[in-house]
Amino acid sequence: MSFFRKRGKKWYYTIELESGGTRKRIERVGGRTKAEAEKARAAALSEYTVTGSVDKGAKITYRELADEWTKDNLSQRRAKTQEAYNSILKNHLVPIIGDKRIRDIRPRDLQALLNSEAKHVSVSLMRSLHAVLSLTFDFAVFCEYLKDTPMRGVVTPEARPLAERRAFTQEEFKELTAYLERRPEILLPVLISYHTGARKGEVLALTWEDIDFEEKKLRINKTVLHNGTVQDTTKSKSGMRTITIGERLVKILKAAHAQQAKDRLRYGKFYRDSGRVCRHEDGTAVRPPQMQVVGEYARKHFPPGLCFHSLRHTHATMLLEAGEDLELVSKRLGHASISTTAKVYSHVLAHREQAEREILDRVFV
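In what follows, the accompanying structure is described. (Residues numbered from 1 in each chain as written. Predicted model: local features only at pLDDT ≥ 70, side-chain atom pairs only at ≥ 80, totals over all residues. Heavy atoms only, no water.)

### Some remarks on the environment of D212
Then, number 1: Note on placement: D212 falls in strand β4 (residues 211-212).
Then, number 2: Spatially, the C-alpha atoms of D212 and I96 are 50 Å apart, while their sequence positions differ by 116 residues. (Helix = DSSP H or I, 4+ residues; strand = E, 2+ residues; numbered from the N terminus.)

### Description of the side chain of E83
Then, number 1: Mapped onto the fold, E83 is located in helix α3 (residues 79-97).
Then, number 2: Exposure remark for E83: the relative accessible area of 19% places this residue in the buried category.
Then, number 3: Aside from chain neighbours lying at most four places away, what touches E83 is L225, H226 and N227. (Buried < 20%, exposed > 50% of the residue type's maximum accessible area, 1.4 Å probe, protein only. Contact = heavy atoms within 4.5 Å.)

### What to know about helix α5 (residues 123-142)
Then, number 1: In this model α5 runs 29 Å from its N-terminal to its C-terminal C-alpha over 20 residues, within 8% of the 28 Å that 1.5 Å per residue would give.
Then, number 2: Along α5, the residues that are buried comprise M126, L129, H130, V132, L133, S134, T136, F137, F139 and A140.
Then, number 3: As for α5, its buried residues are in contact with α2 (62-72), α3 and α4 (107-117).
Then, number 4: Trailing α5 by a residue or two, E144 shows a phi angle of about 65 degrees, which is positive. (Expected span 1.5 Å × (residues − 1).)

### Some words on the sheet that holds strand β5 (residues 217-220)
The strands that make up a sheet are held in pairs by hydrogen bonds between backbone atoms, and each pair lies either parallel or antiparallel.
Then, number 1: Reading across from one edge, β4-β5-β8 is the order of the 3 strands in this open sheet, with antiparallel pairing throughout. Strand pairing shows two members of the sheet lacking a second neighbour, β4 and β8 (241-244), which therefore form its edges.
Then, number 2: Pairing of β5 with β8 involves 4 bridges; the strand directions are antiparallel. Paired with K217 across the strands is T244, a residue of β8. (Pairing = 2+ DSSP bridges.)

### Observations regarding the packing of helix α7 (residues 184-196) against helix α11 (residues 309-321)
Then, number 1: At their nearest, the axes of α7 and α11 sit 7 Å apart, and the two run at 30 degrees to each other. Relative to α11, the element α7 lies roughly parallel. With respect to the hand of their crossing, α7 and α11 are arranged in right-handed fashion. For the pair α7 and α11, the contacting residues are V190, S193, Y194, H195 and T196 in the first and L311, R312, T314, H315 and M318 in the second.
Then, number 2: Each residue belonging to the contact of α7 with α11 can be placed in one class, and the counts come to 4 nonpolar, 5 polar and 1 charged. (Axes fitted to C-alpha atoms, helices over the stretch in contact; angles between N-to-C directions. Parallel < 35°, antiparallel > 145°, perpendicular 65-115°, else oblique. Left-handed = near helix turned anticlockwise from the far one by under 90°. Nonpolar A, V, L, I, M, F, W, Y, C, P; charged D, E, K, R; others polar.)

### Examining the packing of aromatic side chains
Then, number 1: Here the structure, examined in full by the defined rule, presents 7 aromatic pairs.
Then, number 2: Between Y62 and F137, the ring centres sit 5.5 Å apart and the planes meet at 35 degrees, which makes this aromatic pair tilted. A residue pair is termed long-range when its members are at least 10 positions apart, and Y62 in helix α2 and F137 in helix α5 qualify at 75 residues.
Then, number 3: You can call Y62 buried: its relative accessible area is 0%.
Then, number 4: A connected cluster of aromatic rings, assembled from ring pairs, spans F168, Y179, Y297 and F302.
Then, number 5: The ring of Y12 carries the charged tip of R7 above its face, separated from the ring centre by 5.1 Å.
Then, number 6: The side chain of R41 reaches across the aromatic face of F3, ending 3.9 Å from its centre. (Phe/Tyr/Trp six-rings, centres within 6.5 Å; stacked < 30°, edge-to-face > 60°. Lys NZ or Arg CZ within 6 Å of the ring centre and 35° of its normal.)

### Side note on the nonpolar core
Then, number 1: Among the nonpolar cores identified, the biggest contains 39 residues, and F168, V190, I192, L253, V277, C278 and V294 are the most heavily contacted of them.
Then, number 2: Where this core is concerned, the elements lending two or more residues are α6 (170-179), α7, α8 (200-205), β5, α9 (247-267) and α10 (292-301).
Then, number 3: A per-element tally of this core places α7 first, with 7 residues.
Then, number 4: Apart from the residues lying within four places of it in its own chain, the contact partners of I192 are G197, V203, L206, L249, L253, V277 and C278.
Then, number 5: By size, the runner-up hydrophobic cluster in this structure holds 32 residues, among which are Y85, L93, I102 and L113. (Core = buried A, V, L, I, M, F, W, Y, C linked by side-chain atoms within 4.5 Å.)

Quick look at the structure:
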């Protein structure tokens, strides 16, 4: 049979597809010449081979796929996961393959993308990149845009190791806080994290209702995402906790509370009370991106391995080095299990064990 015919000024092509055990004939416009129709038919057959359809997925780009997946699937996940995956799409995947039609993306393209990213991202981010690619292309298969996922056989390459985790030295911390005296809205969250070991988002989510000055307690029960959204939960269930705070932090918080009362009077009707402990002088909340100044200053003035999160690490390290119980430190940090704390701070525990051996050798001669 002939697969081409001319009707009026246009050439049409015909293809036969198998569906449910029966064969189906489909006719489509191919162009103004037979050569164009032949080329169009070859493209349609190629489309069918890849997607199992001659219509779905023909022109969909990865950007469009990502948008559809974000609305249909990602919206069902936790806010923190949504934020992380949206960041991966925006900063790592869409800029590279966003304008490519998904039917034209091959496994070797995705492997090359991951291999390139592995040169400058962390191990955990590399795993997340692989996960998001797998999820989006699985979604394409589910929607029948593709017959199979191009992620099949694509492996997660070895990424660069994370910078060695370390704590601030006392000298570094004093220098940092002296620099931040001119930025009280940044200094306060730095001091809170240093004295409590709380994460950045947990610190910025604190309200004055979370502070019990009489009992010297601090409740951690929510977090602020990078975009400023407050999430009424912490990183994990164990992250919901109440911790003891020292007299020094109590004095710092009382001073901040008194200053905010003065700011409220000074700004009057223009004061915008966010309800947060960490706020600007006009009452608006301090947002996570503003904390980047800590890492920026550390990179310029100190050896590598320091950022805002290092304040949490410093808090835990100082407690363990002072002989504090591992289980108490674990609960204070909000870790899901004591084994997590032991793994993260194994170097500190090893140092304590060595010190204990030296004491035993001195005592039991």
